[in-house]
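# A look at the structure
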Amino acid sequence: MVLIRNGVELGHVSGELPDLETYLAGNEGDSVLLSPDVDLETLKPRLSGLALIEVSFPSFTDGRGFSVAKQLRRLGYEGELIATGPLIPDQYLCAVQCGFDAVKIEQECYVRQSEGEWNEALHAFDLFYQRGYVRQNPVSRNITEARYE
Amino acid sequence: MSTLKHKGKGPQALTANGLRTGPVVYLSADYTWNTAFENAMLTEDPLVIARMSEAGDRDEEENLIVGPYFIDVDAETHLPARYRERFRAQGPSYDPGKPTYAELLMKDGAQVIGQQREGN
Amino acid sequence: MYRYDEFDHTFVRARSQQFKRQVERRLDGSLSEEQFRPLRLMNGLYLQLHAYMLRVAIPYGTFSGKQMRQLAMIADKYDRGYGHFTTRQNIQYNWPDLVDVPAILEDLADVEMHAIQTSGNCIRNTTSDPWAGAAIDEIEDPRPIAELIRQWSSLHPEFTYLPRKFKIAITGASNDRAAIRAHDIGLQIVQNDAGENGLQVYVGGGLGRTPIIGNVLREFISRHELLPYLEAIMRVYNRYGRRDNKYKARIKILVQETGLEKFRDEVEAEYAQLEPLDIAVPQEELNRIADYFSAPDYDDVSSSDEGYDKAVILHSDFAGWVRSNLSEHKISGYTIVNISLKPLKGAPGDISADQMRVVADLAQEYSFDEIRATHEQNLVLANVKKSDVYALYQKLVVAELATGNIGLISDIICCPGMDYCALATARSIPVGQAISERFSDPERQRVIGEMKIKISGCINACGHHHIGHIGILGLEKAGVETYQVKLGGDATSTAEVGKVTGKGFSFDELIDAIERMIDLYLRERDTGERFLDTYRRIGMEPFKGVLYGTD
Ligand code: SF4
C-alpha cells in the first residue's frame, strides 16, 4: 500500500490494523481499522485511547467513509485518520475536508497516477460553499465566511 | 486473455464508441474503427473473432475507443440483429427537419479512428 | 435573478479547470474509463447510445436572455444546432465531442453557467416552480432557497459519492407545479402558526422502477435550520442507503425499509448532534441572495387592455393560443406566457439555436430579460405586460414557437427513449409525435381539455409516466416495442401513482387504444370534469372495457 499525506507520497506501508472486533476484544492497542458500516456507538467509550484509525473504502464510488470521518471528528477524535482503499486523486480533497489526514491506496491503483496528480488534486480548489469542512493545509476558505470578512 | 465476451450467434461485428469524439464505431477489415456500419467486418470465424477481440482490448487500452463489445448480425439482412443495435447503427429514427445520423454520415463521409493493421 | 459574485466566478472557473484536467488525464490514460465515468457524470457528461451527451444546469429553471444566447452559440459551434430541454429544467446537447467539452464549460462559465452535478450519484439541480415570483397562489418565491441549496450542494465534500442520485424540488405555491412529492426531498414553503414562513419537508418520493409518493418528514423547519437539517438527512442516507443493488439505492427504499418513523428518529438524532450555527448561513447571506429575486419593476398598468382584448376578438388563432398558453399573474395587467416546445411533429423539448435566440430577444424585450424552463419541457416568460402579448405572439408565430397546446393532450412529456438513450428499451419520441398527430385538431384538443400524457422509453421513468393522467412505458419484447399504459397518475398536491391497465400494446395499436379511452371519457364525463376526474369517478373498469373489449 502507498501512503499519501499532504500531497506527498510517503512510500510503502505494510501491515494491517486490527479490525473493530479484535480491537474491542483486547485491552491494548491504539489503532483500529473500521469498515464503513461501523456503528460508532460501540467505539465511543474507547475512542480516547486511539491514536490511529483507518476507514476502509470498498470502492472509490462508495462515499460512506467520508461521513464516518466527519462523525469521528465530531465525536472528538483527534488522532491520525486514514482513508484506505482504491481512492482516486479527485477525491483526495473530499477526504481531507471530511477530516482525513492521509489516504492509503493499493499499489496497483497507484500505477496509473503520479504523485503530481495527488498534489494537484489537493490544490484544485481553495474555496468551498459548505461550512464546517475547512481544511488547514493548504488553507482553504469558506465562501459564505469570505463574503462577510 | 481477452476481456471481451462473445457468446452471440451467427455473424459477429465488433462495436465501441470513439473516446475523443464519442461516435458509434465498428471494427473494419483493416482493423481501423469506422463510423459506418456498412464498413464493419462481419465474421463467424472464431480465429478472426479472437483477433478482433484482441484489437478491441488493445485499442481500449491505448485510449482510442471505449467499451468494445460484439454484436449479432442478421445473416440475411446484414443488419444488427438486436433492435437496440439497429438504432446505434442508424441513428435517431425521427429528427424531422434535422439531418439524421445516417444522413450526416453520408454527407460528411464515414470517420475512421486508428491506424490500419494487418488482419492476420 | 441571481448573479455571481467574485467567489462564485472563481469557484466555477476552478471547476471547469479541474474537469479540463480530468479529460486530459482520461485521454492520456491516467484515468481509466471506470474511474473517469463517475467524474464525467458529475459534470453532466454521458456516453449515450450514439455519442456523448452534455447536460447543462439551469438552476431551478431560471436563466437570462444572455445565457440563452450562449446556449444557442454552443449548439451551433459544438453541436448540431439544437438543444433539448429535459424534465429537470436542464438543457442537453446530444452530440458534443469529449475534447470540446472543456471549451464548452469555459463558454458556459462566461455567462455564469455550468454542468456541475447534472448527473452522477450526487445532489442534482434543485428544481422549482416555473412560475416562481409571478404566480398568484404563491406564498413566497422559492428561488432564494433553491439558490442557497445550489451553493451548499455544489461539490459537497461529503455527499458527492452517494448511493445514488439525489433530487430536491421546492415550491412556494399552494398548487404544486414542481412535483415535489416525486423527489428524494420535496420542500414546500408554508406559514406556521406564528406567521413565519418556513419549510415543510417531504422525503422519499421518486419515480423509476418503484414509484413512491413522498411523505412528510417534518411539518416545519425554519429557513435558518434548513441546511443543517438537510445535512442530517444526507448523512443518514449516505451512511445507510443501500449500495448492494443500484435499483434499491435511492432514499425512498431506505425510508421504506427503515420505516418512516424510525427514519425520522435517525434524522432527528443526527440533527440533534449538529451545531446548526456552524452549518447554516447567516441572515445577511439569506438576505443577499433574496435581494437578487426581488420583484422586477412592474409598470402600473390597468388590468384591461384594449389592444389585447381587441386582438383576442379579431384573431381566433391568437385567442386559442391565449386560452391555453397564458396563466394568471399576481400583478394585474401582467400575464405569464408559456411557450410550448411541443409543436406538431417536433420532438418534445427540442429547440433550435435560432429559436433560442428568438426567445432570448423576446425575454429581453418583454419579460425583464428572464426565461424559465419547466419540468414539462416548455419555456416560460413569467412577467409580460398584457399589452405586449399580441406583438410577442406574432414573433413566436414567425419562429414557429406559437403552438397553443399548454396542458392539452399534445403537450406531452417525453424522455429521449431509444432514439438517444443508452438505457432505453423502446422509442418514446415517435410515440409522442404519433399521439400529437392523431389529436392535431386544436378544437378537438380544447374539447378534451387538460390532459397530461407522459412517456418513458424504459423503466427508469425519466418521462414521468407514473404520474401522467395517461402514462406510457415503452418496453421491448423479443425485439418488438410494446407499450404499457397507466392511468390516473398525478404530479400535483393530490399526487398519485397511476395504475397499469393490463397487457401492453404495439406501437400501432397504442394510438387507437388512446383514442378509444379519450372517446370513452368524452362520453362519460360530467360537466367541468377533466380526464383525470372522470377516471377517478368511474374507475379503471370502463377503460379496460374499451381497451381490451371486455365490456
Ligand atoms: S426513461 Fe429510460 S429511456 Fe427514457 S431517458 Fe430515462 S433511462 Fe433513457
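### Some points on the overall build of chain C
For chain C, the count of helices and strands is 19 helices and 21 strands. For 551 residues, the compact-globule formula gives about 24 Å, and the C-alpha radius of gyration of chain C, at 23 Å, lands near that figure. In chain C, which comprises 551 residues, the proportion classed as buried is 65%. Intrachain contacts of chain C at a sequence separation of at least 6 include 67% that bridge at least 24 residues. When the accessible surface of chain C is split by element, carbon and sulfur atoms take 49% of a total near 19000 Å². Computed over 64 positive and 79 negative side-chain charges, the separation of the two mean positions in chain C equals 6 Å.

### With respect to the confidence of the model for chain C
The share of residues in chain C with pLDDT of 70 or more is 99%, and the mean pLDDT across the chain is 95. Among the scores for the predicted complex, ipTM is 0.96 and pTM is 0.94.

### Quick word on the domain arrangement of chain C
All names here are of chain C. Split into domains, chain C comes out as domain 1 (6-109), domain 2 (134-282), domain 3 (306-398) and domain 4 (413-548). A separation of 27 Å is found between the C-alpha centroids of domain 3 and domain 4. In total, about 950 Å² of surface goes out of reach between domain 3 and domain 4, with carbon and sulfur atoms giving 55% of it. When the area that domain 3 buries against domain 4 is broken down by residue, the three leading residues are L344, K345 and E376, summing to 40%. Here domain 3 and domain 4 share two salt bridges between them. Residue E376 pairs with K452 through a salt bridge whose shortest N-O separation is 3.2 Å. Seen at the junction of domain 3 and domain 4, the total is four residue pairs in polar contact (both at pLDDT 80 or more). Grouping the amino acids of the side of domain 3 that touches domain 4 by side-chain chemistry returns three nonpolar, four polar and four charged.

### What to know about the sheet that holds strand β6 (residues 102-105) of chain A
Residue and element names in this part refer to chain A. Read from one edge of the open sheet, six strands run β2-β1-β6-β5-β4-β3, paired in mixed fashion. If you trace the sheet from one side to the other, it starts and ends with β2 (8-12) and β3 (31-34), each paired once. Looking at each pair of strands side by side, their axes are set apart by 25° on average, direction ignored. Bridge analysis of β3 against strand β4 (residues 52-56) gives four bridges, and the strand direction is parallel. Of the residues in β4, the one forming a bridge with S31 is L52. Across the sheet, helix α3 (residues 64-74) touches β3, β4 and β5 (80-84), and the angle it forms with β4 is around 155°.

### A look at the sheet that holds strand β3 (residues 33-34) of chain B
Remark on secondary structure: sheet strands pair via backbone hydrogen bonds, oriented parallel or antiparallel. All names here are of chain B. The five strands lie next to each other as β4-β1-β2-β3-β5, forming an open sheet whose pairing is antiparallel. Since the sheet does not close on itself, it has two edges, and those belong to β4 (65-72) and β5 (112-113), each with one partner. Here β3 pairs with β5 via two bridges, running antiparallel. What sits directly across from N34, in β5, is V112.

### Concerning the site of the ligand
Neighbouring the ligand are C415, P416, G417, C421, L423, A424, S456, G457, C458, N460, A461 and C462 of chain C. Looking at the shell around the ligand residue by residue, the class counts come to eight nonpolar, four polar and no charged.

### What to know about the interface of chain C and chain A
Tallying the contact residues gives 49 residues for chain C and 40 residues for chain A. Between chain C and chain A, a total of about 3900 Å² is buried, with carbon and sulfur atoms accounting for 52% of that surface. On the chain C side of the interface with chain A, the three residues burying the most area are P157, Y161 and R239 of chain C, jointly 22% of the side's total. Residue R25 of chain C is joined to E117 of chain A by a salt bridge in which the shortest nitrogen-to-oxygen separation is 2.7 Å. At the junction of chain C with chain A, the criterion picks out 29 residue pairs in polar contact (both at pLDDT 80 or more).

### Some points on the packing of helix α11 (residues 306-314) of chain C against helix α12 (residues 316-325) of chain C
Residue and element names in this part refer to chain C. Between α11 and α12, the shortest axis-to-axis distance is 5 Å and the interhelical angle comes to 110°. Here α12 runs roughly perpendicular to α11, going by the angle between their axes. Residue-level inspection shows Y308, A311, V312 and L314 of α11 in contact with α12, the latter providing S316, F318, A319 and V322. Of the residues assigned to the contact of α11 with α12, the class counts are seven nonpolar, one polar and no charged.

### What to know about the environment of G432 of chain C
Along the chain, G432 of chain C falls in helix α15 (residues 429-438). When near neighbours in sequence (up to four residues on either side) are disregarded, G432 of chain C contacts I412 and I455 of chain C.

### Brief notes about the layout of surface pockets
Over the atoms rolls a probe the size of a water molecule, and its path tells where empty space is left. Approximately 770 Å³ is the volume found for the second largest pocket. Those elements giving two or more residues to the lining of the second largest pocket turn out to be α12, β11 (326-328) and β15 (379-385) of chain C.

### Quick look at empty space enclosed by the protein
Within the structure shown, the criterion is met by seven cavities of 30 Å³ or more. The calculated volume of the largest cavity comes to roughly 220 Å³. In terms of lining residues, the largest cavity is bounded by 16 residues, among which D90 and C94 of chain A together with Q18, L155 and T160 of chain C are the most central. If you list the elements that add at least two residues to the lining of the largest cavity, you get α4 (92-98) of chain A together with α1 (6-27) of chain C. Of the residues in the lining of the largest cavity, the class split is eight nonpolar, six polar and two charged. Summarising the domain contributions, the lining of the largest cavity has at least three residues from each of domain 1 (6-109) and domain 2 (134-282) of chain C. Taken as a whole, the second largest cavity holds about 130 Å³ of empty space. In terms of lining residues, the second largest cavity is bounded by M1, Y2, Y4, P59, Y60, T62, F63, Q67, E112, M113, E147 and R150 of chain C.

### Observations regarding the pattern of salt bridges
Applying the stated criterion across every chain, the model contains 61 salt bridges over all chains. Linked through salt bridges whose partners overlap, the residues forming this network are R74 of chain A together with E158, E231, R235 and E270 of chain C.

### A closer look at the pairing of strand β7 (residues 168-171) of chain C
Residues and elements named next belong to chain C. Here β7 shows two buried faces, one formed by I168 and I170 and the other by A169 and T171. Pairing of strand β6 (residues 127-128) with β7 involves two bridges; the strand directions are parallel. Counted as the bridge partner of S128 is I170 from β7. For the handedness criterion, the β-α-β arrangement of β6, helix α5 (residues 143-153) and β7 is classed as left-handed. Examined bridge by bridge, β7 and strand β8 (residues 185-191) share four bridges and lie parallel to one another. Its bridge partner being in β8, T171 is matched across the sheet by Q188.

### Things to note about the packing of aromatic side chains
As enumerated under the stated definition, the model contains 28 aromatic pairs over all chains in all. Between F318 of chain C and Y390 of chain C, the aromatic rings sit 4.8 Å apart at their centres with planes inclined by 70°, giving edge-to-face as the arrangement. Taken together, the positions of F318 of chain C in helix α12 and Y390 of chain C in helix α14 (residues 386-398) put the pair 72 residues apart, joining distant regions of the chain. The lysine or arginine in question, K70 of chain A, covers the ring of Y133 of chain A, its NZ or CZ lying 4.0 Å from the ring centre. Lying over the aromatic face of Y247 of chain C, R209 of chain C brings its terminal NZ or CZ to 3.5 Å of the ring centre.

Thresholds applied
- Residues numbered from 1 in each chain as written.
- Chains lettered and ligands numbered in written order.
- Predicted model: local features only at pLDDT ≥ 70, side-chain atom pairs only at ≥ 80, totals over all residues.
- Heavy atoms only, no water.
- Helix = DSSP H or I, 4+ residues; strand = E, 2+ residues; numbered from the N terminus.
- Rg over C-alpha atoms; globule rule 2.2 N^0.38 Å.
- Buried < 20%, exposed > 50% of the residue type's maximum accessible area, 1.4 Å probe, protein only.
- Contact = heavy atoms within 4.5 Å.
- Areas by Shrake-Rupley, 256 points an atom, 1.4 Å probe, with all protein chains shown as cover.
- Lys, Arg positive; Asp, Glu negative; His and termini not counted.
- Charge placed at Lys NZ, Arg CZ, Asp CG, Glu CD.
- pLDDT = per-residue confidence, 0-100.
- Domains from an automatic or database assignment.
- Buried area = accessible area lost by both parts, 1.4 Å probe.
- Salt bridge = Lys/Arg side-chain N within 4 Å of Asp/Glu carboxyl O.
- Polar contact = N/O pair within 3.5 Å; in protein donor to acceptor, adjacent residues only side chain to side chain.
- Nonpolar A, V, L, I, M, F, W, Y, C, P; charged D, E, K, R; others polar.
- Pairing = 2+ DSSP bridges.
- Axes fitted to C-alpha atoms, helices over the stretch in contact; angles between N-to-C directions.
- Near = heavy atom within 4 Å.
- Parallel < 35°, antiparallel > 145°, perpendicular 65-115°, else oblique.
- 1 Å grid on protein atoms, 1.4 Å probe; cavity = no way out; pocket = protein on both sides within 12 Å on 5 of 7 lines; lining within 4 Å.
- Points joined across faces, edges and corners; volume = space filled by probe spheres on them.
- Right-handed = clockwise from strand over helix to strand, strands pointing away.
- Phe/Tyr/Trp six-rings, centres within 6.5 Å; stacked < 30°, edge-to-face > 60°.
- Lys NZ or Arg CZ within 6 Å of the ring centre and 35° of its normal.

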